[in-house]
Amino acid sequence: MKIDIDEKIITDSINHYGKEAQSIVCMEECSELIQCISKELRGKSDKNHLAEEMADVMICIKMLQEMYGIGTSELEAWIYSKQQRIKERMEGVDNGT
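Note that this is a predicted model, so its numbers are computed, not measured. (Residues numbered from 1 in each chain as written. Predicted model: local features only at pLDDT ≥ 70, side-chain atom pairs only at ≥ 80, totals over all residues. Heavy atoms only, no water.)

Engineer: Would you explain the overall build of the chain in this entry?
Structural biologist: The number of helices and strands found in the chain is 4 helices and 0 strands. Helices and strands appear in the chain in the N-to-C order α-α-α-α. Taking 13 Å as the expected radius of gyration for a compact globule of 97 residues, we find that the chain reaches 16 Å, considerably beyond that expectation. Judged by the C-alpha coordinates and their principal axes, the chain covers about 50 × 35 × 25 Å. Counting every position in the chain, which comprises 97 residues, the buried fraction comes to 19%. (Helix = DSSP H or I, 4+ residues; strand = E, 2+ residues; numbered from the N terminus. Rg over C-alpha atoms; globule rule 2.2 N^0.38 Å. Buried < 20%, exposed > 50% of the residue type's maximum accessible area, 1.4 Å probe, protein only.)

So, in structure tokens, the structure goes:
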């Protein structure tokens, strides 16, 4: 999945608002996504709102990467590791991690 996020806008927003403020925004956006998912599970579906909150969090992931020095290769390695763990659990090979 290729998502096009403008890294210049990310950098500019961090420079304009600051790392602390943008970190708080990222926490708030994650919370808003949690609330939206909760509404989906309670039968109050609003797919457009869910997509909007997902987009906000995806933008925040890029912002967090830049603010905290997490490279794409490091993130991809963790994604691979986490998915392998899920796969093993689904196959009944739970190693307790």
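Engineer: Could you clarify how one ought to interpret the nonpolar core in this entry?
Structural biologist: Note that soluble globular proteins tend to have their nonpolar side chains buried in a common cluster. Within the largest apolar cluster, 7 residues are counted, these being I5, I10, I14, C26, C60, M63 and M67. Of all the secondary structure elements, the ones that give two or more residues to this core are α1 (7–17) and α3 (47–68). In this view, C60 contacts C26 and E29; residues no more than four positions away in its chain are not counted. (Core = buried A, V, L, I, M, F, W, Y, C linked by side-chain atoms within 4.5 Å. Contact = heavy atoms within 4.5 Å.)

Engineer: Looking at this model, I keep getting lost on the state of the cysteines. Mind explaining?
Structural biologist: Covalently bonding the sulfur atom of one cysteine to the sulfur atom of another cysteine gives a disulfide. Scanning the entire structure with this criterion turns up 0 disulfides. C36 takes part in no disulfide bond, and the closest cysteine sulfur, belonging to C30, lies 13 Å away. (Disulfide = S-S within 2.5 Å.)

Engineer: Sorry if this is basic, but what is going on with the pattern of salt bridges here?
Structural biologist: If charged atoms from side chains of opposite charge come close, those side chains can pair. Considering all chains together, one arrives at 3 salt bridges under this definition. E40 is paired through a salt bridge with K47; the nearest N and O atoms lie 3.1 Å apart. A relative accessible area of 18% places E40 in the buried class. (Salt bridge = Lys/Arg side-chain N within 4 Å of Asp/Glu carboxyl O.)

Engineer: Would you explain helix α4 (residues 72–90) in this entry?
Structural biologist: An α-helical turn contains 3.6 residues, so a residue and the one three or four places further along point in the same direction. Here α4 spans 27 Å end to end across 19 residues, near enough to the 27 Å set by a 1.5 Å rise per residue. Looking one or two places after α4, you find G92, whose phi comes out positive at around 80°. (Expected span 1.5 Å × (residues − 1).)

Engineer: Teacher, can you tell me more about the side chain of Q22 here?
Structural biologist: In this fold, Q22 is placed in helix α2 (residues 19–41). Look past the residues within four positions of Q22 in its chain and what remains in contact with it is S13, I14, Y17, M63 and M67.

Engineer: Looking at this model, I keep getting lost on the side chain of S23. Mind explaining?
Structural biologist: Along the chain, S23 turns up in helix α2. The class of S23 is buried, set by a relative accessible area of 11%.

Engineer: Would you mind showing me how to read the packing of α2 against α3 here?
Structural biologist: Geometrically, a packed helix pair is captured by the angle between its two axes and the distance between the axes. α3 packs onto α2 with a crossing angle of 150° between their chain directions and a minimal axis gap of 9 Å. By the angle between their directions, the pair α2 and α3 is classed as roughly antiparallel. For the pair α2 and α3, the crossing hand works out as left-handed. Taking contact as the criterion, the partners of K19, Q22, S23, C26, E29, C30, E32, L33, C36, I37 and E40 in α2 are, on α3, K47, H49, L50, E53, M54, D56, V57, C60, M63, L64, M67 and Y68. (Axes fitted to C-alpha atoms, helices over the stretch in contact; angles between N-to-C directions. Parallel < 35°, antiparallel > 145°, perpendicular 65-115°, else oblique. Left-handed = near helix turned anticlockwise from the far one by under 90°.)

Engineer: Hey, could you run me through a nonpolar patch on the surface in this one?
Structural biologist: Taken together, the side chains of M1, I3 and M58 define a hydrophobic patch exposed on the protein surface, amounting to about 340 Å² of accessible area. Position of I3 among the secondary structure elements: in the segment before α1. (Patch = residues over 30% accessible without salt bridge, like charges linked within 9 Å, V, L, I, M, F, W, Y side chains within 5 Å. Areas by Shrake-Rupley, 256 points an atom, 1.4 Å probe, with all protein chains shown as cover.)

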